[in-house]
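Breakdown of the fold
What follows is the residue order along each chain.
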Amino acid sequence: MFHYGLVGDMSSAALVGTDGSIDWLCLPRFDSPSVFASILDKDVGGRFRIQPNGAYTSVHQAYMQDTNILETTFTTPKGVVKITDLMPIQDGDKDGKPDTNPAEPPELHRIVTCTAGSVEMRCDYQPRHDYARAVPEFRPIRRDGNGIAVETRGGRQTMMLLSSASLSVSADAVKGEFTLSQGESAVFVLADGGGRSPNLERYRTQEKLELTRRYWKDLVAGMHYEGLWREQVVRSFLVLHLMMYRGTGAIVAAPTTSLPETIGGSRNWDYRYSWLRDTSFTVDALYRLGDVYGADHYIHWLLEQCQLNHHNPRILYGITKSSSLEEEILDHLRGYEDSRPVRIGNAAEDHLQLDIYGEVIASIHSLLVLEGEIPEEAWELVCSLAEMVIENWRRRDRGVWEVRGEEQHFVYSKVLCWAALNTAAYIAAAVEQRRHYRRWTQIAFDIKTEVLDLGWSEKKQAFRQRYESHALDASNLAIPFFGFIPREDPRVRQNVDAIERELAEGPLVWRYIPEETDDGLEAQPEGTFTLLSFWLLGNLIYTGQTDRAFDLFHETITRCSNHLDLFAEMYDPSTNRQLGNFPQAYSHIGLIHTALNLSGFIVDTPTRLIRRRAKA
C-alpha cells in the first residue's frame with residue numbers, strides 16, 4: 001500500500017508519509033518540476049521529513065473531519081506528538097469559491113504539537129529542485145532565537161523555508177533537533193517563490209489553518225449525499241477537489257508521475273494532466289453530488305480546450321495553455337522500487353482515440369439535463385465533434401487504454417462513437433435542430449449495426465476487445481452505461497459473466513490479458529484496474545445482482561484503498577499492494593458513482609437496508 005496522505009491547495013499537492021516525510025511535491029503547479037521526489041529515488045529525490053528523534057511505538061494518520069488537512073500522530077515512550085499538514089486555500093470570494101488568481105504563491109504549513117509528555121524531534125529538509133537535476137543553493141536569510149529562514153534555489157525554482165525551531169544549514173540540507181513538551185508547538189512553512197518574507201508571523205499559520213478548515217468543511221456541507229459509505233464518498237469528493245486546478249478547472253488524472261503499474265517494469269506514466277476520457281464520469285459525479293460550481297468550472301475549461309482544437313482534439317490536455325506534454329525520460333532517477341524509466345510528459349497526447357468524442361458530448365448532455373439549456377459554444381462543439389465522428393468512426397485507433405502498438409478496431413471506441421452521435425442527436429432534438437437529429441441518428445444506427453455484427457464474439461459470448469479477435473477487454477463493462485443495449489438484453493449478463501471468468505478475481509478486474517494485446521510494451525503482469533471493479537459492480541446492479549454488488553463493494557473499498565480511503569490506479573492481489581499513480585481520480589469517480597447507485601437502490605428497499613446495516 002501507499003502509506004501516504006495527500007494535501008493540496010488546488011494548484012499543487014504533496015504526499016505525506018506515515019513517517020512524517022513529504023516525499024513528493026511539485027511547485028508551483030501539479031505539472032511543475034518536483035522539489036521533493038524521494039518516492040521516485042530515496043537517495044537523490046529529496047524530502048522534507050519531521051519525526052521523533054528515535055523510536056516511536058505507534059503512528060496514526062487521519063484527516064481532520066471533512067477536510068484535506070492531515071494529522072500524523074506519533075506515540076513515543078516519552079510522549080505524544082502530532083504533525084498537522086496543510087496547503088492553505090487562498091481567501092475565496094464572497095461565494096466561498098477559491099480565488100482563481102491567488103495573490104500569493106503556494107505554501108505548505110507544518111504544525112508540530114506535543115500533546116503529552118515530552119518528545120525530542122528532528123527535521124531533515126532536503127529539497128532537490130527540477131526533478132533533482134539542479135544542485136540546490138542554501139542561503140540563510142534570518143537566524144535568531146525565534147528560529148530560522150533559509151532561501152533555497154535550484155534551476156528556475158526558489159523557495160523559502162521558515163521555522164520557529166532552530167536548525168542548522170549545511171551545503172545540501174537544513175537539519176536540526178528540537179524538543180517539545182506538552183502544550184508546546186513548532187511551526188514550519190515552505191513558501192514557494194522568490195522575495196518571500198523571512199518573518200514567520202506574516203504567514204499567519206493558525207489563521208490559515210482555520211480558513212482552510214472552514215473552506216473544506218463548507219464544501220462538504222454543500223454536498224448532496226446522506227447515503228451509506230458517506231465517509232468514503234466524502235473523501236473521494238475531497239480528493240477530486242485536491243486534483244482540480246483552480247486556475248482553469250482542469251482535473252489531473254493523478255498528482256504523480258511514474259508510479260509503476262508493475263514493480264520493476266516500464267509501464268510508468270505521467271498522469272499530471274487532464275484526460276478527456278474521464279470527462280463524462282467526472283462531470284456526472286460532481287453534478288450528482290450537487291457540486292455545480294466544480295462541474296461548471298470543469299466544463300468551462302473543457303469547452304475552452306476543445307474550441308482551441310476543434311479540428312484536431314487531443315485525448316489529454318495540460319492544466320493550462322502553457323503546459324508542456326512533451327515526453328522525456330529522467331535517467332538519473334532510479335524510479336519507485338527500481339521501476340524504470342521515470343517519465344515526465346506524455347506522448348499519448350498525439351494518439352488517435354475515438355472514444356473521447358462520446359465522452360465530451362456526454363458531458364455537455366449532463367449540463368443540458370441539469371440546466372435545461374447549453375451555451376452556444378457548447379452546441380457548436382457538439383456539431384464539430386459529431387462531424388468528426390462521422391468522418392473518423394471507421395478508422396482504427398489506439399483505444400481507451402492508449403496502446404502504443406498498432407492501431408486496431410477497438411469495440412469500446414466504436415461504441416463511444418455511437419454514443420457520441422446518439423447523444424448529439426438528443427441534444428439536437430432539445431435545441432430543435434431536426435436536420436442534425438435525423439442525420440446523426442441514422443449514422444449512429446449504422447455504427448450500432450456494425451458493432452453488434454463484428455464486435456460480438458459468439459465463442460466467448462461477450463463483446464470483443466477488437467474486431468477479428470476473441471480477446472476480451474474489461475473496458476466493455478461500460479457499454480450498458482451508455483445505453484448501447486438495454487439492461488434487460490441477455491448480452492449484458494453474458495458479457496459480464498465472461499469478463500468475470502477471464503479477467504476478474506472477486507471484485508478485482510484486469511484490463512486485458514497482455515499476451516493477447518499488442519500494447520507496444522513488453523507483456524508484463526500488471527495490477528487490476530481499480531475503476532473496473534466499480535464498473536463490474538455497476539453491471540451487477542444492472543443485472544439484478546444487487547446483494548452481491550453490495551458485498552463486493554464493501555470488499556473493494558476495504559481491500560484496495562489505503563488507511564485514508566485513498567485509491568491508486570491499480571491493485572495487485574498477489575502482493576496486496578497498490579500500483580500505478582496515486583491517488584487516482586478515475587478510481588475515486590468510480591467509487592462515488594457506485595456508492596450513489598447502490599445506496600439509492602438499498603434506501604428504496606427498507607428491508608434490505610436494515611439487513612445490510614446489520615451486516616456492515
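Residues numbered from 1 in each chain as written. Predicted model: local features only at pLDDT ≥ 70, side-chain atom pairs only at ≥ 80, totals over all residues. Heavy atoms only, no water.

Moving on: unusual backbone geometry. Across the junction of Leu27 and Pro28, the peptide omega takes the value 5 degrees, indicating a cis bond. Tracing the sequence through the fold places Pro28 in the loop between strand S3 (21-26) and strand S4 (34-36). In the segment running from Phe582 into Pro583, the intervening peptide bond is cis, with an omega of -20 degrees. Along the polypeptide, Pro583 turns up in the loop between strand S26 (577-579) and helix H13 (585-603). In this structure, Trp229 is a non-glycine residue whose phi angle is positive, near 60 degrees. The residue Trp229 is located in the loop between helix H2 (205-221) and helix H3 (230-242) in this model. Backbone geometry places Glu468, a non-glycine residue, at a positive phi of 60 degrees. Looking at where Glu468 falls in the secondary structure, it is placed in the loop between strand S21 (462-463) and helix H10 (490-503). Residue classification places Glu468 among the exposed positions, given a relative accessible area of 81%. (Helix = DSSP H or I, 4+ residues; strand = E, 2+ residues; numbered from the N terminus. Buried < 20%, exposed > 50% of the residue type's maximum accessible area, 1.4 Å probe, protein only.)

Moving on: the pattern of salt bridges. On inspection of all chains with the given rule, the structure shows 34 salt bridges. Notably, a salt bridge pairs Arg133 with Asp130, separated by 2.9 Å at the nearest N-O pair. Arg511 is the salt-bridge partner of Glu526, the closest N and O atoms lying 2.8 Å from each other. Of this pair, Glu526 sits in the loop between strand S23 (508-509) and strand S24 (528-529) while Arg511 sits in the loop between S23 and S24, and the two are 15 residues apart along the sequence. Its relative accessible area of 7% is what places Glu526 among the buried residues. Residue class for Arg511 comes out buried when judged on its relative accessible area of 5%. Several salt bridges share partner residues, and in doing so they unite Glu261, Arg267, Arg511 and Glu526 into one network. (Salt bridge = Lys/Arg side-chain N within 4 Å of Asp/Glu carboxyl O.)

With respect to the helices and strands, His409 occurs in the loop between helix H7 (376-392) and helix H8 (411-430). Among the residues examined, His409 registers a relative accessible area of 19% and is labelled buried. Here the side chain of His409 touches Lys414 through a polar contact of 3.1 Å, side chain to side chain. Leaving out residues up to four positions away in the same chain, His409 has contacts with Arg394, Arg395, Arg396, Lys414, Gln465, Arg466 and Tyr467. (Polar contact = N/O pair within 3.5 Å; in protein donor to acceptor, adjacent residues only side chain to side chain. Contact = heavy atoms within 4.5 Å.)

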